[in-house]
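Below, each chain spelled out in residue letters.
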Amino acid sequence: MTIMHLVASVPSLGAHKLAWIIGSSADPADDIARFGQAVGNPAMFERVLSGEVVPCASMAAEIQLWSMGTIQRRDWRRSACRWWFERPIGWFNARVRQAA
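The rules we used
- Residues numbered from 1 in each chain as written.
- Predicted model: local features only at pLDDT ≥ 70, side-chain atom pairs only at ≥ 80, totals over all residues.
- Heavy atoms only, no water.
- Helix = DSSP H or I, 4+ residues; strand = E, 2+ residues; numbered from the N terminus.
- Buried < 20%, exposed > 50% of the residue type's maximum accessible area, 1.4 Å probe, protein only.
- Contact = heavy atoms within 4.5 Å.
- Salt bridge = Lys/Arg side-chain N within 4 Å of Asp/Glu carboxyl O.
- pLDDT = per-residue confidence, 0-100.
- Core = buried A, V, L, I, M, F, W, Y, C linked by side-chain atoms within 4.5 Å.
- Phe/Tyr/Trp six-rings, centres within 6.5 Å; stacked < 30°, edge-to-face > 60°.

*Asks:* Just checking my understanding: could you explain the overall build of the protein chain for this structure?
*Replies:* Counting its regular elements, the protein chain contains four helices and zero strands. Its helices and strands taken in sequence order, the protein chain reads α-α-α-α from the N to the C terminus. A burial count over the protein chain gives 40% of its 100 residues as buried. In the protein chain, 70% of the contacts between residues at least 6 apart in sequence involve partners at least 24 apart.

*Asks:* I would appreciate a short explanation of unusual backbone geometry in the present structure.
*Replies:* Residues other than glycine predominantly adopt negative phi, and peptide bonds predominantly adopt the trans conformation. Positive phi, close to 55°, is recorded for Met68, a residue that is not glycine. Mapped onto the fold, Met68 is located in the segment after helix H4 (57-66). On the basis of relative accessible area, Met68 is assigned to the exposed category, the value being 53%.

*Asks:* Just to check I follow, could you spell out the pattern of salt bridges for this structure?
*Replies:* A side chain with one charge can pair with a side chain of the opposite charge if their charged atoms come near. Counted according to the given criterion, the structure contains four salt bridges. For the salt bridge of Arg78 with Asp75, the shortest nitrogen-to-oxygen distance reads 3.9 Å. A single salt-bridge network, built from bridges that share partners, covers Lys17, Asp75 and Arg78.

*Asks:* Got a minute to help me understand the confidence of the model for the protein chain in this structure?
*Replies:* Interpreting fine coordinate detail is not advised for predicted regions of low pLDDT. Residues at a pLDDT of 70 or more form 88% of the protein chain, whose mean pLDDT is 84. Model confidence for the protein chain, summarised as mean pLDDT per element, is weakest for helix H2 (residues 28-39) at 88 and strongest for H4 at 93.

*Asks:* I would appreciate a short explanation of the nonpolar core in the present structure.
*Replies:* Core analysis: the largest hydrophobic core is formed by 24 residues, its most contacted members being Leu18, Phe35, Phe45, Val48, Ile63 and Trp76. Of all the elements in the fold, those that place two or more residues in this core are helix H1 (13-23), H2, helix H3 (44-50) and H4. It is H1 that contributes the most residues to this core, six residues altogether. When near neighbours in sequence (up to four residues on either side) are disregarded, Leu18 contacts Phe35, Phe45, Val48, Leu49, Trp66, Ile71 and Trp76.

*Asks:* How should I be thinking about the environment of Trp84 in this particular structure?
*Replies:* Structurally, the position occupied by Trp84 is in the segment after H4. What makes Trp84 buried here is its relative accessible area of 12%. Sequence spacing of Trp84 and Ala8 is 76 residues, and the spatial spacing of their C-alpha atoms is 8.6 Å. Aside from chain neighbours lying at most four places away, what touches Trp84 is Leu6, Val7, Ala8, Ser9, Val10, Pro11, Ala15, His16, Ala19, Trp20 and Leu49.

*Asks:* Help me out: how do you make sense of the packing of aromatic side chains in this one?
*Replies:* Each aromatic ring pair is summarised here by two numbers: the centre-to-centre distance and the angle between the ring planes. Counted by the stated rule, this structure contains two aromatic pairs. Arranged with centres 5.7 Å apart and planes meeting at 80°, the rings of Phe35 and Phe45 form a pair that is edge-to-face. Of the two residues, Phe35 is situated in helix H2 and Phe45 in helix H3; the sequence distance between them amounts to 10 residues. For Phe35, a relative accessible area of 0% corresponds to the buried category. Judged by relative accessible area, Phe45 falls into the buried class, the value being 0%. Each ring, one from Phe35 and one from Trp66, has its centre 5.2 Å from the other, and the planes form 80°; the classification is edge-to-face. With a gap of 31 residues between them, Phe35 in helix H2 and Trp66 in helix H4 connect regions that are remote in the sequence.

Here's what the structure looks like:
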């Protein structure tokens, strides 16, 4: 699965950052599979991205580890201030090597 199905409005800052991590990935299918391993179920990706599931404290901690700190636990409770296509405020993806 390499296509993300996005709802019209961004449900949370965490979902927004998750979409940008996968969208900027060199291998999105592999990252989605690794996300599924981190949270215990690969099908959870779509549910978390759509806002249907808001990660509990333990799941949010696993996502924070998986994202190398890009998605903080509190991001799931914060509203997103931008649209899907706009870069999240303060965006930095530790999982992608930065150009020197």
